[in-house]
Amino acid sequence: MLTPTTMPRAPEAAAAQLSDALAVLASEQSPVPREAAIAAFRRHLARIQTYVRQAFEQEQLTGLQAARLLGALVDGVVTGLFEHVIRDAGIEPPKRLSIAATGGYGRGVLAPFSDIDLLFLTDVDPDAPTLRAVEYMLYFLWDLGLKVGHATRSIEDCLNEGTKDTTIRTALLDARYVTGD
């Protein structure tokens, strides 16, 4: 029998564990070395994926409950990464950036090994520090082994592109705030 992975059931408590691990790294060295941050995120991601899988396999969660829990736990990973970029990554923080989940992830459900669709939303065309922060986050998520669908758009771009493309319009219908402004 599998030994259950210890993980707080509440997504907020799991996110706090990640935040605590990053705070320890930041107290040791600032900016936090990228490799050290990736290692902390990899451990956390492995724990949450294992926890959800075990709870599902032990019939503690239905499939939909597992998908909702995994989505909420991944919200904590995205939020933790955004906070890492702002505080500890050693890059200039973005100005006026919001991150939204779209697609199935935007609906709050995430199947195992599914891609996470993110919209990096700005109030105006993104400036260089914002684009660097988005790039840092995307490479970081890819290095974690996550498949990421993404777009970086201003509010005006979203409205314009949504009128031209049904796929974009549909994705915006499912958009859900995750973190940022």
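Throughout what follows, the structure given in this document is the object of discussion.

Conventions adopted
- Residues numbered from 1 in each chain as written.
- Predicted model: local features only at pLDDT ≥ 70, side-chain atom pairs only at ≥ 80, totals over all residues.
- Heavy atoms only, no water.
- Core = buried A, V, L, I, M, F, W, Y, C linked by side-chain atoms within 4.5 Å.
- Buried < 20%, exposed > 50% of the residue type's maximum accessible area, 1.4 Å probe, protein only.
- Helix = DSSP H or I, 4+ residues; strand = E, 2+ residues; numbered from the N terminus.
- Contact = heavy atoms within 4.5 Å.
- Expected span 1.5 Å × (residues − 1).
- Phe/Tyr/Trp six-rings, centres within 6.5 Å; stacked < 30°, edge-to-face > 60°.
- 1 Å grid on protein atoms, 1.4 Å probe; cavity = no way out; pocket = protein on both sides within 12 Å on 5 of 7 lines; lining within 4 Å.
- Points joined across faces, edges and corners; volume = space filled by probe spheres on them.

## Topic: the nonpolar core
Ranked by size, the top nonpolar core spans 45 residues in total, and within it Tyr105 and Ile116 carry the most contacts. Counting only elements with at least two residues in this core, the list comes to α1 (11–28), α2 (34–57), α3 (63–87), β1 (97–102), β2 (116–122) and α5 (128–143). The element that contributes the greatest number of residues to this core is α3, accounting for 10 residues. Sequence-distant contacts of Tyr105, that is, excluding residues within four places in its chain, are made with Gly71, Val74, Asp75, Val78, Leu110, Ile116, Asp117, Leu118, Arg176 and Val178.

## Describing α2
Compared with an ideal rise of 1.5 Å per residue, which puts 24 residues at 34 Å, α2 spans 34 Å between its outermost C-alpha atoms and is within 8% of the ideal. Inspection of α2 places Ala37, Ile38, Ala40, Phe41, His44, Leu45, Ile48, Tyr51, Val52, Gln54 and Ala55 among the buried residues, and these make up the whole buried set. Turning to α2, the residues buried within the fold contact α1, α3 and α5. Of the residues one or two after α2, Glu59 is the one with positive phi, at around 60°.

## Thoughts on the packing of aromatic side chains
One pass over the structure, following the stated rule, counts three aromatic pairs. Between Phe41 and Phe140, the aromatic rings sit 5.0 Å apart at their centres with planes inclined by 80°, giving edge-to-face as the arrangement. Of this pair, Phe41 sits in helix α2 while Phe140 sits in helix α5, and the two are 99 residues apart along the sequence. The exposure class assigned to Phe41 is buried, which follows from its relative accessible area of 1%. Three or more aromatic residues joined by ring pairs make a cluster, and in this case those are Phe41, Tyr136 and Phe140.

## Topic: the layout of surface pockets
Approximately 430 Å³ is the volume attributed to the largest pocket. Taken together, 22 residues line the largest pocket, and the ones lying closest to its centre are Gln49, Leu70, Ala111, Pro112 and Phe113. Elements that contribute at least two residues to the lining of the largest pocket include exactly α2 and α3. It is α2 that contributes the most residues to the lining of the largest pocket, seven residues altogether.

## Comments concerning the side chain of Thr130
By the element assignment, Thr130 lies in helix α5. Not counting residues within four places of it along the chain, the set of residues in contact with Thr130 comprises Pro94, Lys95, Leu97 and Thr122.

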